[in-house]
Amino acid sequence: MHGDPFWICSDHDDDCRKAIGSPLTVWVGYRPGQFRLLTGAPKKFSRTRGVLRTFCADCGTSIAYLDQGLPEELYLTIGFFDHPERFAPQAHAYWDMKLSWVEFNDDLPRVGGYSRRRDPAVGNPADR
């Protein structure tokens, strides 16, 4: 990565939960030009039209989330980083889908759905 991320968010939605295999994930947002994979070739898959996810073909670690509705945004999973402690979340997205037994003692903003403005011509993944 080159430079700092523009957005870091805890994500509680069910689509990411199923894709990542965790009760939530933390997404670290960079611009596509700020990221270059130095080794390997990630595998790609899509559970939702217009959304592409990548993971390591060797170890299975989730790497990235790309959405046609967010063309200048690339989100990397917190588990992809060697030093995840550097990336404190700035908000919670999909708070309305948070699992009831997951608790937080922070005062971060809690957004009921998407935390980023999407291209209205593409729409939201849940509506595609």
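Enquirer: What's the story with the overall build of the protein chain in this structure? I'm lost.
Expert: Regarding its fold elements, the protein chain presents one helix and seven strands. Along the protein chain, from the amino end to the carboxyl end, the secondary structure elements read β-α-β-β-β-β-β-β. Relative to the 2.2 N^0.38 estimate, which gives 14 Å for 128 residues, the radius of gyration of the protein chain is 14 Å and therefore close to what a compact globule would have. Overall, the C-alpha framework of the protein chain stretches about 40 × 35 × 25 Å when taken along its three principal axes. Summing over all exposed atoms, the protein chain offers an accessible surface of approximately 7,600 Å²; the carbon and sulfur share of this is 50%. The centroid of the 16 positive side-chain charges in the protein chain is displaced by 5 Å from the centroid of its 17 negative side-chain charges.

Enquirer: Help me understand the sheet that holds strand E7 (residues 91–93) in this model?
Expert: As a general point, the strands of a sheet are linked pairwise by backbone hydrogen bonds and lie either parallel or antiparallel. A sheet is described by the order of its strands in space; here seven strands give the open sequence E3-E4-E5-E6-E2-E1-E7, paired in mixed fashion. In the strand order of this sheet, the two ends are held by strand E3 (43–45) and E7, each with one partner. Each neighbouring strand pair of the sheet contributes to a mean axis angle of 30°, computed without reference to strand direction. In this structure, E3 lies alongside strand E4 (residues 51–55), joined through three bridges in antiparallel fashion. Within E4, the residue paired with Phe-45 across the bridge is Arg-53.

Enquirer: Help me understand the packing of aromatic side chains in this model?
Expert: Under the counting rule described, the total for this entry stands at eight aromatic pairs. Measuring from centroid to centroid gives 5.0 Å for Tyr-94 and Tyr-114, while their planes differ by 75°, and the two rings are edge-to-face. Taken together, the positions of Tyr-94 in the segment after E7 and Tyr-114 in the segment after E7 put the pair 20 residues apart, joining distant regions of the chain. A relative accessible area of 13% means that Tyr-94 is categorised as buried. Among the residues examined, Tyr-114 registers a relative accessible area of 23% and is labelled partly exposed. Ring pairs connect the aromatic residues Phe-35, Phe-80, Phe-81 and Phe-87, which therefore count as one cluster.

Enquirer: Is there a simple way to explain the state of the cysteines in this structure?
Expert: Defined simply, a disulfide is a covalent bond joining two cysteines at their sulfur atoms. Within the structure shown, the criterion is met by zero disulfides. You can see Cys-9 has no disulfide; the closest cysteine sulfur is in Cys-16, sitting 10 Å from it. Using a relative accessible area of 5% as the deciding quantity, one classes Cys-16 as buried.

Rules behind the numbers
Residues numbered from 1 in each chain as written. Predicted model: local features only at pLDDT ≥ 70, side-chain atom pairs only at ≥ 80, totals over all residues. Heavy atoms only, no water. Helix = DSSP H or I, 4+ residues; strand = E, 2+ residues; numbered from the N terminus. Rg over C-alpha atoms; globule rule 2.2 N^0.38 Å. Areas by Shrake-Rupley, 256 points an atom, 1.4 Å probe, with all protein chains shown as cover. Lys, Arg positive; Asp, Glu negative; His and termini not counted. Charge placed at Lys NZ, Arg CZ, Asp CG, Glu CD. Pairing = 2+ DSSP bridges. Axes fitted to C-alpha atoms, helices over the stretch in contact; angles between N-to-C directions. Phe/Tyr/Trp six-rings, centres within 6.5 Å; stacked < 30°, edge-to-face > 60°. Buried < 20%, exposed > 50% of the residue type's maximum accessible area, 1.4 Å probe, protein only. Disulfide = S-S within 2.5 Å.

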